[in-house]
Each structure stands twice: as C-alpha cells, then as structure tokens.
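# Observations on the model geometry
Read off the chains here:
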Amino acid sequence: MAEDMDTETVRMIRGDPKKALLKLSWPMIISMLLMSANNIIDSVWVAGLGSDPLAALGFVTPLFLILVGIGNGIGAGANSLISRKIGEKQHYEANNAGCHSLIIGLITTILLTVVLLVFLKPILIAMGGKDVLSYGMSYGSIIIIGTFTLTLPALFGSILRSEGDVKRATIPLAVTAILNMILDPIFIYVLGLGVAGAAIATVLSGLVDLIILVYWVMIKKDTYISIERKYFRQDTSMYKDILLVGIPASIEQLIMSITAIILNAILAMVGGTVSVAVYTAGWRLVQIGIMPAIGIGTSAITVAGVAYGERDYNKLKTTLNYSVKIGFITALIVAVIFFIFSDQLAYMFSYSSSSAELSPLISQFLKIMCLYILPVCFGISASSVLQALGKGTQSLILTANRSLILDVIFAAVAAFMLYAGATGVYWGIVIGDILGSIFAYIYCRYYIKRLYKLGIFKQKPNDSK
C-alpha cells in the first residue's frame, strides 16, 4: 500500500518507537485497568455475600482467565502477524491475516464452550472447590456460556491495536466496565440472583463490547484492516504463523491459571478457605497493579512487530528497553500506593460483617505483594517483544519458568519446608517473580543481538538507543 494512503495511526507506529509506545501505551493501560475492573467489580459485590461465594469466584477465576487468555493469545498472534505485514507495507496480506485470525477465533470459541461446559463440575472439584461447588457452578456455567463475549472482543481489539488504533480498542472496554458496575448490584442484590447475577452482568457487558467492535471493523468498515470476503485468500502458512504465537501466548495464560490453581491448593492446605478468599481478593488488586506493565507490553507487540517487519534493529532494541523503563516507573508508583493504602484497599472486600475477618489479612497480602509488581515489566516486555518476532515458544518458556516453575517452587518451599504458612507463600511468589522476570529480559536482549549477527537487520546497531 502506498505511503500516502496510510492512516495516521499506521504512520505513527512506523515512526519513532518511543513516541509510538507512549501513544499506544496510555490508552492500553486504561484498557487493561478496565479489564481488571470487570474482574474486581464482581469480587467487590460478591464479597457482600460472604467468604464462601468469594472463595467460589477464586476457584472459577482460573477458568475465566483461561478464556480471556486464549482470546488474548489468538489476538497476540494476529497482532504480531498483522503488524509485521504493516511494517513490510503489505496491506492486502495484513487484511488477509485479519480474516484468518477471525476464523481461528470462532472455531476456538465454539470448542472451548462445549468442552468446559461438559467438564466444569469435575474441574471445580479437582481444584478443591467441593465445599463451595453450588456457588462455583452457578457462576462458572454462565461465564462459560458467554465465552464468545470474552474471546472475540479480545481478538477484535488486537486487530485494532495492530494498526495503532488503540482509541477504538479502548472505548468499548470503558463502556463494558461502566455497564458492569451498574448491572452487578442489580442482578446480585435487587434481583436476588447472587453469584449467578454477577456472571450474567459480566456476560451482558462483554456482549456490548463485542457488538461495538464488530460494528466498527465489519459493518462501518473505516479501519485500516478490513475483514471482508474479498480480502480472504486461503493460506495455511498464515494459520501457522498466527498459531505459532497464539497457542504459546494462550498457554502462557493457561500456565498462570494452573499456577493460581496450585497456589490455591497450597493455601487451602496451610490456611483453609479463608486463605483462598484472601488470595482471591488480594490477587485481583495485584492484577490491577500489573496492568500498566501488561498494557505497555501489549503495545510493544505492535511497535516491535512493525520494527521487525522493517528490519530495523535500533527501533526493535529501543522498543524493548523503553517499554521496560516506562513499565518500571509506573510499577513503582503503583507499588507505593498499594503499600500506603493497603488497609483502605482491603476494605473493599471486607465491608460486610460476614467478610470483615478478611481485612487485616488482605492488607498484609498487599504489603508483601506490592514487591511482586516491580519486576513484572521486565518479563512482560521481553515476552511481548518475542511474540512480535513470531517467537511464541520462547516467550512461553520464559513465562513458564517465571510463573509455573519459580513461583510455585519458592511458594511450596516456604509453605511446607519452612512452615511459613500463607505469608511464606506470598514471599515465595515474590522471589520467583523477581528471578524469572530479570532472566527473561536478559534472554530477550541476547536474542535480538543474535538476530543482528545473523544479518537479519538492515543497519548497524546504535548503542545509544
């Protein structure tokens, strides 16, 4: 496509990577915060029902994250391929990549819905949720029926982000979060539906998100990437390219969900369902704390993908280092806020008489886990840049090392060998995260330099960037 036909956003992501990252990241951070808000809103309202319903959400949350993660994973694969095609100035191929992404997203969504509905009950029991099974089934079955409202919006949002249009990728999420805030108390308390009402509110809010995105991309058709029959040309290599990033990226979320399941089991053994409820509530706040790093990392996929498509070494290296820099600055601010206002944040999940006992425990959790937030940007930025390069497997290995291996090992050692209880589990997670994140960053820097030595890039490195 000729340069003078490019949109303003496409010209922006082909320009200065620092400016592109800043312009993409702040809307993305807001977007990520709003996504977390949808999770935390459910928890805040359900906390008023007592610790058992809140614990049930904790057991369903890993499945919820798997669904969101698969949607984001396919979206990462689409984002990586489309942004590389944009960097190569192949507009038709970028559109074709969008069409292939949607086909993969639809097939995956159908399969997920059927499989999880059939196996929901045994999965909850296996995770240790037998004591709160009725609550878990009420919430989980509705969420799974609405799988398409979680996976498909993530895919369409990624397509918009791949062309730098983060504004329209963010607006539907804002509408969704606000709508969920309104619907939650209505369905949970006014209509008396309890945890099922929280699930219905989440699904309906997600449906609105999907409708808005489909209208922009497939009906209004004023985006750079067009998903239309005329642009579709069957290309098995595109399916492969998307899945080579999408499957590992989805498994990364699965790994984090498995990690949450294992940590829930460890906490249940050392502290009972109260510890699980504390972890469930506190972790949702921590997820908000790491959203800036995730938002910046997600933006880095687009910028790094375009840089790689252009074969520009300096832009690629700058994208990695600058994303870590601004990620750490925002993480430091969030960590300080969490530490200072831990009591006030904990109160959101302990405002009722039936959950008041959780307040000091959640506050303690936050004071420890604010240290977890600081190094996350190193690992997320490294994984995102590798995904942009189409190296999903390497990204997966680094995430598995950080979350599933190091976090769990250090948490288990603290709980069972050092007899440090739930507090030890929290410190184990922090130590594992620090080691794994720093290693991921070092590896990514090494990999980019190795690509240069192989003659992939057009110009010599500028070490000042």
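Note that the structure is predicted; figures quoted are calculated from it, not measured.

## Side note on the overall build of the chain
The secondary structure content of the chain amounts to 16 helices and zero strands. Expressed along its principal axes, the backbone C-alpha trace of the chain runs to roughly 65 × 45 × 35 Å. Relative to its 465 residues, the chain shows a buried fraction of 61%. Summarising the internal contacts of the chain: among those between residues at least 6 apart in sequence, 83% fall at separations of at least 24. In the structure as shown, the chain presents an accessible area of about 17,800 Å², 69% of it carried by carbon and sulfur atoms. Charge centroids of the chain, computed over 34 positive and 26 negative side chains, lie 8 Å from each other.

## Brief notes about helix α13 (residues 359-373)
In this model, α13 (15 residues) spans 21 Å end to end at C-alpha, consistent with the 21 Å of a helix rising 1.5 Å per residue. Along α13, the largest kink reaches about 30° and is centred on K367. Those residues of α13 that sit buried are S359, I362, S363, F365, L366, I368, M369, C370, Y372 and I373. Next to the buried residues of α13 lie α9 (236-289), α11 (313-340), α12 (342-347), α14 (376-388), α15 (392-417) and α16 (421-453).

## Focus on the side chain of S205
Among the secondary structure elements, S205 is positioned in helix α8 (residues 194-220). Among the polar contacts made by the side chain of S205, one reaches the main-chain carbonyl oxygen of A201 at a distance of 2.7 Å. S205 has contacts with T176, L179, N180 and L183, leaving out every residue within four places of it along the chain.

## Looking at helix α3 (residues 51-87)
Taking 1.5 Å per residue as the helical rise, α3 with its 37 residues ought to reach 54 Å, and the 51 Å between its terminal C-alpha atoms agrees with that figure. For α3, the principal kink sits at V60 and spans about 40°; a proline, P62, occurs within the next four residues. With 35 of its 37 residues buried, α3 lies for the most part within the structure. In the segment just after α3, K89 is the residue with positive phi, at about 60°.

## Points about the nonpolar core
Core analysis: the biggest nonpolar cluster contains 141 residues, and F365, M369, Y372, V425 and Y426 have the highest contact counts within it. The element best represented in this core is α3, accounting for 18 residues. If we ignore the near neighbours within four places in the chain, the residues touching Y372 are W283, V286, I290, D407, I429, V430 and D433.

## Some points on the environment of A382
Mapped onto the secondary structure, A382 falls in helix α14. Along the chain, A382 and G58 lie 324 residues apart, while their C-alpha atoms are 29 Å from each other. In this view, A382 contacts L320, A440, Y441 and C444; residues no more than four positions away in its chain are not counted.

## What about the packing of α3 against α9?
As a packed pair, α3 and α9 sit with axes 7 Å apart at the nearest point and diverge in direction by 160°. Taken together, α3 and α9 sit at an angle that is classed as roughly antiparallel. Our pair here, α3 against α9, has a crossing hand that is right-handed. Counted by class, the contact of α3 with α9 contains 22 nonpolar, 15 polar and four charged residues.

## Concerning the pattern of salt bridges
Pairing between side chains becomes possible if they bear opposite charge and their charged atoms approach one another. Counting across every chain of the model gives nine salt bridges. E93 is the partner of R233 in a salt bridge, and the nearest nitrogen-oxygen pair spans 2.8 Å. Pair noted here: R233 is in the loop between α8 and α9 and E93 is in helix α4 (residues 91-126), with a separation of 140 residues, a long-range link. A residue is classified by how much of its surface remains accessible, and R233, at 38% relative accessible area, is partly exposed. For E93, a relative accessible area of 16% translates into the label buried. Notably, a salt bridge pairs R168 with D165, separated by 3.0 Å at the nearest N-O pair. Residues participating in the shared-partner salt-bridge network are D165, R168, K220 and D222.

## Quick notes on a nonpolar patch on the surface
Together, F328, I329, L332, I333, V336, I337, F339, I340 and F341 give the surface a local cluster of nonpolar side chains, amounting to about 820 Å² of exposed area. Of note, F339 is situated in helix α11.

## Here we look at the packing of aromatic side chains
What characterises a pair of aromatic rings is the spacing of the ring centres plus the angle enclosed by the ring planes. Applying the stated criterion across every chain, the model contains eleven aromatic pairs. Ring centres 5.5 Å apart and planes at 80° place the aromatic pair F378 and Y441 in the edge-to-face group. Of this pair, F378 sits in helix α14 while Y441 sits in helix α16; the two residues are 63 residues apart in sequence, bridging distant segments of the chain. A ring pair is formed by Y443 and Y446, whose centres lie 6.4 Å apart and whose planes are at 50°; its orientation type is tilted. Of this pair, Y443 and Y446 both sit in helix α16, three residues apart, which is roughly one turn of the helix. By the ring-pair criterion, three or more aromatic residues cluster together here, those being Y279, W283, F365, Y372 and Y426. Residue placement shows R168 over the ring face of W216; its charged tip is 5.5 Å from the ring centre. In this structure, R311 packs its charged tip against the face of Y308, placed 4.4 Å from the ring centre.

Criteria and thresholds
In every chain, residue numbers begin from 1 and rise along the written sequence. Only residues with pLDDT of at least 70 are given local features in this predicted model, and only at 80 or more are side-chain atom pairs given and counted; all residues enter the totals for whole chains, interfaces and linings. Excluding hydrogens and water, the side-chain figures rest on all heavy atoms present in the structure. The numbering of helices and of strands both runs from the N terminus, where a helix is a DSSP run of H or I of at least 4 residues and a strand a run of E of at least 2. When a residue's accessible area, from a 1.4 Å probe over protein chains only, is under 20% of the maximum for its type it is buried; when over 50% it is exposed; and in between it is partly exposed. By definition in these notes, contact holds between two residues if any of their heavy atoms fall within 4.5 Å. We get accessible surface area from the Shrake-Rupley algorithm with a probe of 1.4 Å; when it comes to residues, only the shown protein chains can shield them. In this tally, Asp and Glu contribute negative charge and Lys and Arg positive charge; neither His nor the terminal groups of the chain are included. Where a charge sits is defined by one atom per residue type, namely NZ (Lys), CZ (Arg), CG (Asp) or CD (Glu). Helix span is expected to be 1.5 Å times the residue number reduced by one. Bend, at a single residue, is the angle you get between axes fitted to the 7 residues ending at that residue and the 7 residues starting at it. Here a polar contact is taken to be a pair of N or O atoms separated by no more than 3.5 Å, where protein atoms must pair a possible hydrogen donor with a possible acceptor and residues adjacent in sequence count only if both atoms sit in side chains. Residues belong to one nonpolar core when they are buried, are Ala, Val, Leu, Ile, Met, Phe, Trp, Tyr or Cys, and are joined through side-chain atoms within 4.5 Å. Fitted lines through C-alpha atoms serve as axes, helices being fitted only where they are in contact, and the angles separating the N-to-C directions of these axes extend from 0 to 180 degrees. An angle counts as roughly parallel when it lies under 35 degrees, as roughly antiparallel when it exceeds 145, as roughly perpendicular when it falls between 65 and 115, and as oblique in every other case. Take the far helix as your reference; a near helix turned counterclockwise from it by less than a right angle gives a left-handed crossing, and one turned clockwise gives a right-handed crossing. Asp, Glu, Lys and Arg are counted as charged, while Ala, Val, Leu, Ile, Met, Phe, Trp, Tyr, Cys and Pro are counted as nonpolar; the rest, among them Gly, fall into the polar class. Salt bridges are identified by distance alone: a Lys or Arg side-chain nitrogen within 4 Å of an Asp or Glu carboxyl oxygen. Candidate patch residues must exceed 30% relative accessible area and have no salt bridge, after which like charges are joined if within 9 Å and Val, Leu, Ile, Met, Phe, Trp or Tyr side chains if within 5 Å. Only Phe, Tyr and Trp rings are paired, with Trp represented by its six-membered ring, and only when their centres lie within 6.5 Å; those with planes under 30 degrees apart are stacked, over 60 edge-to-face, the remainder tilted. Put simply, a charge is over a ring when the Lys NZ or the Arg CZ is close to the ring centre, within 6 Å, and near the line of the ring normal, within 35 degrees.

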